[in-house]
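Take a look at the letters that make up each chain.
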Amino acid sequence: MRNIKEISAMFLLVAGVAFAFIALLMPPPGEIHDSVLYIFAQILIYAGSVFGISAYIDQNKK
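The following paragraphs examine the structure supplied in this document. (Residues numbered from 1 in each chain as written. Predicted model: local features only at pLDDT ≥ 70, side-chain atom pairs only at ≥ 80, totals over all residues. Heavy atoms only, no water.)

**A closer look at helix α2 (residues 34–61)**
Right, so step 1: Its 28 residues place the ends of α2 41 Å apart at the C-alpha level, agreeing with the 40 Å of an ideal helix rising 1.5 Å per residue.
Right, so step 2: Those residues of α2 that are buried are in contact with α1 (4–25). (Helix = DSSP H or I, 4+ residues; strand = E, 2+ residues; numbered from the N terminus. Expected span 1.5 Å × (residues − 1). Contact = heavy atoms within 4.5 Å.)

Written as structure tokens, this is what we have:
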């Protein structure tokens, strides 16, 4: 079973993509506000660190 870090990273990735699409529909259409991009970048950093550290630890166990 996956641990809470991986579940939260996957949930945040889905939420970040949803936020980006919702931001495209908000006025003015087709423009994503800087705050949405900042949050999405933070989500990508978190998910990358969770999955990257897990992969590094799994690689060194072998």
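**Let's talk about a nonpolar patch on the surface**
Right, so step 1: Nonpolar side chains collect at one region of the surface, where Phe19, Ile22, Met26, Tyr38 and Ile39 lie side by side and expose about 540 Å² of accessible area between them.
Right, so step 2: Looking at the nonpolar patch, the elements with two or more residues in it are α1 and α2.
Right, so step 3: When you line up the elements, Ile22 lands in helix α1. (Patch = residues over 30% accessible without salt bridge, like charges linked within 9 Å, V, L, I, M, F, W, Y side chains within 5 Å. Areas by Shrake-Rupley, 256 points an atom, 1.4 Å probe, with all protein chains shown as cover. Salt bridge = Lys/Arg side-chain N within 4 Å of Asp/Glu carboxyl O.)

**Observations concerning the environment of Ala41**
Right, so step 1: Among the structural elements, Ala41 can be located in helix α2.
Right, so step 2: Accessibility expressed as a relative area gives 33% for Ala41, which makes it partly exposed. (Buried < 20%, exposed > 50% of the residue type's maximum accessible area, 1.4 Å probe, protein only.)

**Describing the side chain of Glu6**
Right, so step 1: Relative to the helices and strands, Glu6 resides in helix α1.
Right, so step 2: In contact with Glu6, not counting residues within four places along its chain, are Val50, Phe51 and Ser54.

**Quick word on the packing of α1 against α2**
Right, so step 1: At a minimum axis separation of 9 Å, α1 and α2 run at an interaxial angle of 155 degrees. The pairing of α1 with α2 is recorded here as roughly antiparallel in orientation. Classified by chirality, the crossing of α2 by α1 is left-handed. Facing Lys5, Glu6, Ser8, Ala9, Met10, Leu12, Leu13, Gly16, Val17, Phe19, Ala20 and Ala23 of α1, the residues of α2 in contact are Val36, Phe40, Ile43, Leu44, Tyr46, Ala47, Val50, Phe51 and Ser54.
Right, so step 2: Broken down by class, the residue content of the contact of α1 with α2 amounts to 16 nonpolar, three polar and two charged. (Axes fitted to C-alpha atoms, helices over the stretch in contact; angles between N-to-C directions. Parallel < 35°, antiparallel > 145°, perpendicular 65-115°, else oblique. Left-handed = near helix turned anticlockwise from the far one by under 90°. Nonpolar A, V, L, I, M, F, W, Y, C, P; charged D, E, K, R; others polar.)

**Brief notes about α1**
Quick reminder: α-helices carry 3.6 residues per turn. Residues three or four places apart thus point the same way.
Right, so step 1: With 22 residues, α1 extends 32 Å between its outermost C-alpha atoms, agreeing within 8% with the 32 Å of an ideal straight helix rising 1.5 Å per residue.
Right, so step 2: Residues of α1 that are buried include every one of Glu6, Ala9, Ala15, Gly16 and Ala23, and no others.
Right, so step 3: Buried residues in α1 make contact with α2.

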